[in-house]
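Commentary on secondary and tertiary structure
If you want the building blocks of each chain, they are given just below.
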Amino acid sequence: MAPAAKVTGFRREGNDWFYNATLPSDITVVVDGVNFHLHKFPLVSRCGRISKIIEESEESTDGNFITTFEDFPGGSETFLVIIKFCYGGRVEFTARNIVMVYCAADYLEMTDEHGEDNLLSKSEGFFHNNVLKNWKDCLLALQSCEPVISRADKLQIVSRCLNAVSVMVCTDPSLFGWPMLMYGSLQSPGGSILWNGINTGAKIQSTMESDWWYEDISYLSVHLFERLIHTMEGKGIKPENLAGAIMHYCRKYLPGLGRWQGGQSGKPRTVASFSMTPAAVDQKVLLESVTKLLPEKKGTLFCRFLLGLLRVALILGVNHTCQDSLERRIGVQLDQATLDGLLIPCYSDSDTLYNTDCVERMIHHFMSSESRLTSLSPSSFDLETSPSSGPLKRVAKLVDGYIAEVASDVNLKPNKMRLLAEALPESSRSLHDGLYRALDIYLKDLYDPDEAEFCLGKEKGNESVMDDSLADRNTLGFLRKIRNCYATLLTFGSCPLMLVLMHLKMKGCHSELFFKCCSLSSCS
């Protein structure tokens, strides 16, 4: 075997690597299209796989053996590290190359059976003694597992990294032994502020925030992030902390999400991320994955976050399961939602401005959750004694406000107005001011005042509209329009009927004449 001092004698000529030696090459290994012209003895003495290949194959007539390694872990760059080790060189292990070298050594079967203190055992020793005990190195190694995930799983590299990261999240980070960047100052392991590396003795007043690790783990791929969250959940990390990590991850890779979120913090605290590369994330895959990870958490900020996710989900066109899950999660805490959050635009080819179908489903999810909390049926809620009266009142006020906002949409059908109003029980509203306001907004542009005065006989008590000779095409069209609209709205129930009649009276219309007009057979 060549001495270690001469290992640097590798040279590259185009697509070929050679080792400077007086002996000619007797084996060529091809990795990712790169040819390595080597010698059998150094390789066979360290690599069980190469030894078996040579034993099982016949040499070519010129004595030069050629073999190709498909899907070699780390490609030609890692193979160059391997052959330098086989020729007596020293491998410089780092957090960035340990996984590739470890997997490559396993691929080539570089066990101690093929040489004492072989590369596989060296890799395992560095991984166990160095990587798993250091937060930054553990994350870097975990991030580098993605290209060789199957072999890394086989060697339990991924699971051990995930477990180590989860344990460190549960531990006071000041015990890890690195200076922490916090509030713009470096902190020593003992908690003192460092200035130019000198311990000042000053203590940081507040303790380490529970979100110190959010930014660092956000550099993992969706697949590894998902597995890490599951591992952390198994370690007993609080659901609110897991939810915070998921929210941070989503905001990082879903730029449109921040548009609907308020009160976000500025520059995130980080330990390792300054040396990590952001993951390449498919936004649709991300949404469909994190929706399954979200804990059953409630609150105004979390509900607003879910509404933002739903908007992005509708834009990206996620699968039905993902959309339904988001609508259900929002629905069960609809009392925490805000009006601007519910005003979700219609991103499909629909004529309406807002996605009222989505909001209607969320209202039904809320009522289903409320019905499980009380033995009373939705139509018999006692708003004074029911424990759910507070949320129900808030949702009723929210829905009335929502109907008033969408009522100005000229393409909104009367039937949709009715369905939104009927989605909540009549007893949920102690007053109907909000519903009347919505109705007034919706009906104010229903007819032209001058046209209405003629058709409904408002001006000078003129009832000649009942004469068929005056029922020209325009008049019949007007009557048909308002008849269909009011007829639909009148199916609300007794309370909305009162509102419709009140609306007619306040607009100065003869309601009795109106109903006669709407019953004309000529309007059918």
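Since this is a predicted model, take the numbers as computed values, not measurements. (Residues numbered from 1 in each chain as written. Predicted model: local features only at pLDDT ≥ 70, side-chain atom pairs only at ≥ 80, totals over all residues. Heavy atoms only, no water.)

1. Concerning the overall build of the chain
Regarding its fold elements, the chain presents 23 helices and nine strands. Here the analysis covers contacts within the chain between residues at least 6 apart in sequence; of these, 70% occur between residues at least 24 apart. (Helix = DSSP H or I, 4+ residues; strand = E, 2+ residues; numbered from the N terminus. Contact = heavy atoms within 4.5 Å.)

2. Observations concerning the nonpolar core
Counting 139 residues, the largest nonpolar core has Leu38, Phe79, Leu108, Ile157, Ile217 and Leu309 as its most contacted members. The dominant element in this core, judged by the number of residues it contributes, is helix α13 (residues 300-316), at ten residues. (Core = buried A, V, L, I, M, F, W, Y, C linked by side-chain atoms within 4.5 Å. Buried < 20%, exposed > 50% of the residue type's maximum accessible area, 1.4 Å probe, protein only.)

3. Structural notes on the packing of helix α10 (residues 222-234) against helix α12 (residues 283-293)
Their axes nearest at 10 Å, the elements α10 and α12 cross at an angle of 5°. The orientation of α10 relative to α12 falls into the category roughly parallel. Along the contact surface, α10 presents Val222, Phe225, Glu226, Ile229 and His230, while α12 presents Val285, Leu286, Ser289 and Leu293. By residue class, the composition of the contact of α10 with α12 is six nonpolar, two polar and one charged. (Axes fitted to C-alpha atoms, helices over the stretch in contact; angles between N-to-C directions. Parallel < 35°, antiparallel > 145°, perpendicular 65-115°, else oblique. Nonpolar A, V, L, I, M, F, W, Y, C, P; charged D, E, K, R; others polar.)

4. Description of the pattern of salt bridges
Taken as a whole and assessed by the stated rule, the structure comprises 17 salt bridges. A salt bridge links Asp106 to Arg151; its shortest N-O distance comes to 2.6 Å. With Asp106 in helix α4 (residues 98-107) and Arg151 in helix α7 (residues 149-154), this pair connects stretches of sequence that are 45 residues apart. The class of Asp106 is buried, set by a relative accessible area of 14%. Judged by its relative accessible area of 25%, Arg151 is partly exposed. (Salt bridge = Lys/Arg side-chain N within 4 Å of Asp/Glu carboxyl O.)

5. Digging into the side chain of Gln333
With respect to the element layout, Gln333 can be found in the loop between α14 (320-331) and α15 (339-342). The exposure class of Gln333 is buried, given its relative accessible area of 2%. A polar contact of 3.1 Å, which involves the side chain of Gln333, links it to the backbone nitrogen of Gly299. In contact with Gln333, other than residues within four places in its own chain, are Lys297, Lys298, Gly299, Phe302, Cys303 and Leu306. (Polar contact = N/O pair within 3.5 Å; in protein donor to acceptor, adjacent residues only side chain to side chain.)

6. Side note on the sheet that holds strand β3 (residues 27-31)
Ordered by their spatial adjacency, five strands build an open sheet running β1-β2-β4-β3-β5, and the pairing between neighbours is mixed. The sheet is open, and its two edges are formed by β1 (10-13) and β5 (65-69), each paired on a single side. Neighbour-to-neighbour, the strand axes of the sheet open up by a mean angle of 20°, direction not taken into account. Here β3 pairs with strand β4 (residues 34-38) via five bridges, running antiparallel. (Pairing = 2+ DSSP bridges.)

7. Examining α14
Between its terminal C-alpha atoms α14 stretches 16 Å, which fits the 16 Å expected from twelve residues at 1.5 Å a residue. Burial in α14 covers these residues: Cys322, Gln323, Ser325, Leu326, Glu327, Arg329, Ile330 and Gly331. The opening residue of α14 is Asn319, an N-cap whose side-chain oxygen sits 3.3 Å from the backbone nitrogen of Thr321. (Expected span 1.5 Å × (residues − 1).)

8. Focus on the packing of aromatic side chains
Within this structure, the stated rule accounts for 16 aromatic pairs. Ring geometry for Tyr102 versus Phe127: centroids 6.1 Å apart, planes at 65°, classification edge-to-face. Taken as a pair, Tyr102 in helix α4 and Phe127 in helix α5 (residues 119-129) lie far apart in primary sequence, 25 residues in all. Assigned by exposure class, Tyr102 and Phe127 land together as buried. Note on Trp135 and Trp212: the rings are 4.8 Å apart at their centroids and 55° apart in plane angle, and the pair reads as tilted. (Phe/Tyr/Trp six-rings, centres within 6.5 Å; stacked < 30°, edge-to-face > 60°.)

9. Thoughts on the packing of helix α17 (residues 389-406) against helix α18 (residues 414-422)
At a minimum axis distance of 10 Å, the contact between α17 and α18 shows a crossing angle of 170°. Between α17 and α18, the angle falls in the class roughly antiparallel. Between α17, through Val399, Tyr402, Ile403 and Val406, and α18, the contact on the second element is made entirely by Met417, Leu420 and Ala421. A breakdown of the residues in the contact of α17 with α18 according to their chemical character gives seven nonpolar, no polar and no charged.

10. Some remarks on α17
Compared with an ideal rise of 1.5 Å per residue, which puts 18 residues at 26 Å, α17 spans 26 Å between its outermost C-alpha atoms and is within 8% of the ideal. With 13 of its 18 residues buried, α17 lies for the most part within the structure.

11. Things to note about the confidence of the model for the chain
Summing up the model confidence of the chain, the mean pLDDT is 78 and the portion of residues at 70 or higher is 68%. The model gives residues 1-7 a pLDDT under 50, and that stretch makes 16 contacts with residues more than four places away or in other chains. In the predicted structure, residues 510-514 sits below a pLDDT of 50 and forms twelve contacts with residues beyond four places in sequence or in another chain. (pLDDT = per-residue confidence, 0-100.)

12. Notes on the pairing of β4
For a regular strand, side chains alternate in direction, first toward one face of the sheet and then toward the other. For β4, a buried count of four out of five residues is recorded, marking the element as mostly surrounded by other parts of the structure. Sheet topology note: the strand β2 (residues 16-19)/β4 ladder contains three bridges and is parallel. Bridging across to β4, Asp16 finds its partner in Asn35. The turn linking β3 back onto β4 is made up of two residues, and Asp32 within it adopts a positive phi angle of 55°.

13. Topic: the pairing of β1
Here β1 pairs with β2 via four bridges, running antiparallel. Looking at β2, one finds that Arg11 is bridged to Phe18. Hairpin remark: β1 followed by β2, antiparallel, with two residues in the connecting loop; positive phi at Gly14, about 65°.

14. Observations regarding the environment of Glu77
Considering the arrangement of structural elements, one finds Glu77 in helix α3 (residues 75-86). The class of Glu77 is exposed, set by a relative accessible area of 65%. Along the chain, Glu77 and Val34 lie 43 residues apart, while their C-alpha atoms are 9.8 Å from each other.

15. Structural notes on the environment of Glu327
Here Glu327 shows up in helix α14. In this structure the C-alpha to C-alpha distance between Glu327 and Cys358, which are 31 residues apart in sequence, comes to 7.4 Å. Residues contacting Glu327, with those up to four places away along its chain left out, are Leu310, Cys358, Arg361, Met362 and His365.

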